[in-house]
Amino acid sequence: MGLNETPSGERIHIGFFGRRNAGKSSVVNAVTGQDLAVVSDTLGTTTDPVMKAMELLPMGPVMIIDTPGFDDEGTLGLQRVQKAKQILNRSDVAVLVVDATEGIKTCDEELLELFREKEIPYVVAWNKSDLLEQVPEFTEQGILVSALENTGIFELKERIAALGKIGEDEKRLVADLVEPGDFVVLVIPIDSAAPKGRLILPQQQVIRDLLEAGASAICVKETELKKTLNELGKTPAMVITDSQAFKQVAQDVPEEIPLTSFSILLARYKGLLETAVCGVTAVEQLKDGDRVLISEGCTHHRQCDDIGTVKIPRWLKAYTGKDLQIETSSGREFPDDLSSYAMIIHCGGCMLNEREVRYRMKCAEDQSVPMTNYGITIAYMQGILARSLSIFPALEQQVRETLKNKENED
């Protein structure tokens, strides 16, 4: 990803759904002004979701997703339909493309019900309206469009843009926790797992948010932190560290300076923080043979000491002293059936949009599986979770009370 590109997790995800040959791909191409999707008279041309990050006026950065026909048949068809359902879990706005000459069919009704069930804002695009001799009374309000003649497309884009703003609020990673003129120290390890020549996405995002807030970001390696704090000449408003360096950083940062991690800030930003704080104590109940799912929202080349597949499993087994079965998932793949897991430890989710993070959280909640994240797990096992939440007093107090009860029980 280039430095000037908006991360996929920060883009409004717009999913186009409908029956085979309702003209989904033609409508997608008309909306985007590009030949993004293959168009054919053959049923089921779109076999897998097609995704494209782009700028779409009047919305700005978006992720356009063209999905397979929802009425696809056979074994392969069922797999395509399942893929379409997965896209719903990350769609901020849904567009149902209906053949206006045929009207709403059963599978269209199923899609509409799914939109409502998942509380996804949606619009119905009545395509092929150029073939209508007269405008019928539609059971679902929407917009008459013709991908062939490019009519109604502007109005459709305006409606999508309006829906994309529903529930939109000004979320900040860290800017609301600092004042203009504050100094914030960011601890960024440069080791074998660090991407060569660049910073990882959460670090970039925090720096940008601090600059927009009028604060100063001072970036150091964990080996230079103590010296930097001694020579800074001013007490920083907070220290934000990579979770992997939590233990050493906690020793080097005086107690009166607030300390947290990129992962914890991301958990709040994606709507996972409170759930993750409650879920982390599940490590105390782990038993021999328990299955633990460690899930990442991106796919990347695994290094020899990878955080998700090596470090956290090692720390978890050492902390619990149990013989655990560690399983991993990455990218867009996330198990539907979570019931066999004793707990889920998720990454920060920087490459996932908030809707998908909340969907995964809801899946775990519905199946009574505790879910937490990397930074909170690491801080908990190293005995510094309460301190790392000091910038969120209510959560800090909750953790301190939980730990006090645990000591009383012991």
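Refer to the structure presented above.
Residues numbered from 1 in each chain as written. Predicted model: local features only at pLDDT ≥ 70, side-chain atom pairs only at ≥ 80, totals over all residues. Heavy atoms only, no water.

### Describing the sheet that holds strand β4 (residues 93-99)
Working step 1: The sheet built from six strands is open, its strands ordered β2-β3-β1-β4-β5-β6 with mixed pairing. Each edge of the open sheet carries a strand with a single partner, namely β2 (50-56) and β6 (142-144). Ignoring strand direction, the axes of neighbouring strands in this sheet form an average angle of 25°.
Working step 2: Inspection of the sheet shows strand β5 (residues 122-127) paired to β6 by three bridges, in the parallel sense. Residue V124 lies in a different strand from β6, and its bridge partner there is G142.
Working step 3: Sheet strands in contact with helix α4 (residues 153-164) are β1 (12-18), β2, β4, β5 and β6, and its direction is about 170° off that of β5. (Pairing = 2+ DSSP bridges. Helix = DSSP H or I, 4+ residues; strand = E, 2+ residues; numbered from the N terminus. Axes fitted to C-alpha atoms, helices over the stretch in contact; angles between N-to-C directions. Contact = heavy atoms within 4.5 Å.)

### Here's the deal with the packing of aromatic side chains
Working step 1: The tally for this structure, following the rule as stated, stands at three aromatic pairs.
Working step 2: When the centroid spacing of 6.3 Å and the interplanar angle of 65° are considered together, the rings of Y319 and Y380 count as edge-to-face. Here the residue Y319 occupies a position in helix α10 (residues 307-320), and Y380 occupies one in helix α12 (residues 374-381), the gap between them amounting to 61 residues.
Working step 3: Using a relative accessible area of 33% as the deciding quantity, one classes Y319 as partly exposed. (Phe/Tyr/Trp six-rings, centres within 6.5 Å; stacked < 30°, edge-to-face > 60°. Buried < 20%, exposed > 50% of the residue type's maximum accessible area, 1.4 Å probe, protein only.)

### Quick notes on the nonpolar core
Working step 1: In this structure, L186, V206, I240, L273, L338 and L389 are the most contacted members of the largest nonpolar core, which totals 79 residues.
Working step 2: Other than its neighbours up to four places away in sequence, L338 contacts L293, I344, C363, A364, Q367 and V369.
Working step 3: By size, the runner-up hydrophobic cluster in this structure holds 24 residues, among which are V28, V93, A147 and I160. (Core = buried A, V, L, I, M, F, W, Y, C linked by side-chain atoms within 4.5 Å.)

### Some thoughts on the pairing of strand β7 (residues 183-187)
Working step 1: Most of β7 is tucked away, with four of its five residues classed as buried.
Working step 2: Note: β7 against strand β8 (residues 216-220), five bridges, orientation parallel. Opposite L186, over in β8, you have C219 as the bridge partner.
Working step 3: Pairing geometry for β7 and strand β9 (residues 238-241), over four bridges, is parallel. Looking at the pairing, V184 lines up with M238 of β9.

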